[in-house]
Amino acid sequence: MRHTTLAILALAGTLLSAQDITGGLHTGLSLPVGDLKDKSDRGTNQMFGAHVGGHLDFNITSHHQVRAQITYHDFPGSGWGGAIDDKNSFKALQAGADWVYHFQSPRQGWYTVAGATLNNIKEDWEANAAGRRVSGSASQSGRLGVRGGGGYTFNQMVSLEGTLNQVFVDQNGSDGFGFDTATWAQFSVVFRFGR
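Quantities reported herein were computed from a predicted structural model and do not represent experimental measurements.

Procedures and definitions
Residues numbered from 1 in each chain as written. Predicted model: local features only at pLDDT ≥ 70, side-chain atom pairs only at ≥ 80, totals over all residues. Heavy atoms only, no water. Helix = DSSP H or I, 4+ residues; strand = E, 2+ residues; numbered from the N terminus. Buried < 20%, exposed > 50% of the residue type's maximum accessible area, 1.4 Å probe, protein only. Areas by Shrake-Rupley, 256 points an atom, 1.4 Å probe, with all protein chains shown as cover. Salt bridge = Lys/Arg side-chain N within 4 Å of Asp/Glu carboxyl O. Pairing = 2+ DSSP bridges. Axes fitted to C-alpha atoms, helices over the stretch in contact; angles between N-to-C directions. Phe/Tyr/Trp six-rings, centres within 6.5 Å; stacked < 30°, edge-to-face > 60°.

A. Region of the structure containing the overall build of the protein chain. In terms of helices and strands, the protein chain carries two helices and eight strands. The secondary structure elements of the protein chain, listed N-terminal to C-terminal, are α-β-α-β-β-β-β-β-β-β. Burial analysis of the protein chain (195 residues in total) assigns 36% to the buried set. A total of about 10200 Å² of accessible surface is found on the protein chain, and carbon and sulfur atoms cover 63% of it.

Structure follows, in structure tokens:
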């Protein structure tokens, strides 16, 4: 058993040392869609948000890549109007792994992205109650999400990428958001460092 464990560790070390590993930063627009944007008195009632994050890319072959990523999203809210005039802003911290397929190579051309994420989402809300503004917050941690999309790599340092993210959240309860999925489109400029 001990020899088998040592052999597996040696093989894993050899494979990892042979991999082409790069890192980078990404930033751009996060556009809420569906209930996250449009659900009356619950969504952001805003078209635009923003994000910033970092990633490590592990090139498995000339076409296949695994990416570890962490991204912070900010979705500001605006009032819904009416007597209560709810305003809901959301923030999300997303960490996950993506499988990236490059049609040409990791240094140039089109690629697709499919991934899974764990998300911490916080809502800050304000409302008008009996003529005065009240506020509060709700948060949900460890929420599972999925994402998919694609992009184009111009050179080994710069890409443009778009993904659709969907996170499964609790609708009800003391920290419920009033909807069961938070969905947004993410458009990023990706900067890579390394080889």
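B. Quick peek at the pattern of salt bridges. In this structure the tally under the stated criterion is 12 salt bridges. With a shortest N-O distance of 3.3 Å, Asp-57 and Arg-192 are connected by a salt bridge. Within this pair, whereas Asp-57 is found in strand S2 (residues 49–59), its partner Arg-192 is found in strand S8 (residues 181–193), the two being separated by 135 residues in sequence. Residue class for Asp-57 comes out buried when judged on its relative accessible area of 0%. Assessed through its relative accessible area of 5%, Arg-192 is described here as buried. Across the pair Lys-91 and Asp-74 runs a salt bridge, and its minimum N-O distance is 3.3 Å. With Lys-91 in strand S4 (residues 87–102) and Asp-74 in strand S3 (residues 64–75), the pair connects residues that are 17 residues apart, well separated along the chain. Among the charged side chains, a network of salt bridges with common partners joins Asp-57, Arg-67, Asp-98, Arg-147, Glu-161 and Arg-192.

C. Representation of the sheet that holds strand S7 (residues 158–168) in the model. Pairing within the closed barrel is antiparallel, and its eight strands lie in the order S1-S2-S3-S4-S5-S6-S7-S8. Averaged over all neighbouring strand pairs, the angle between strand axes comes to 25°, with direction disregarded. In the sheet, strand S6 (residues 132–153) pairs with S7 via nine bridges, with the strands oriented antiparallel. When the bridges of S7 are listed, Gly-148 appears paired with Leu-164.

D. How the structure looks around the pairing of S6. Two strands pair when backbone bridges link them, and strand S5 (residues 109–129) and S6 are joined in this way by 20 bridges, in the antiparallel orientation. Each bridged residue has a counterpart across the sheet, and for Gly-109 the counterpart in S6 is Thr-153. Connecting S5 to the antiparallel partner S6 that follows it, the hairpin turn spans two residues, and Ala-130 within it adopts a positive phi of roughly 55°. In this structure, the hairpin formed by S6 and S7 is closed by a connection of four residues.

E. Quick look at the packing of aromatic side chains. Counted according to the given criterion, the structure contains seven aromatic pairs. An angle of 90° between the planes, with centres 5.5 Å apart, marks the rings of Phe-90 and Phe-177 as edge-to-face. In this pair, Phe-90 sits in strand S4 while Phe-177 sits in the loop between S7 and S8, placing the two residues 87 residues apart along the sequence. Under the relative-accessibility criterion, Phe-177 is labelled buried at 1%. Considering the side-chain rings of Phe-177 and Phe-179, the 6.1 Å spacing of their centres and the 40° angle between planes classify their relative orientation as tilted. Residue classification places Phe-179 among the buried residues on the basis of a relative accessible area of 1%. Through a chain of ring-to-ring contacts, the aromatic side chains of Phe-90, Phe-177 and Phe-179 assemble into a single cluster.

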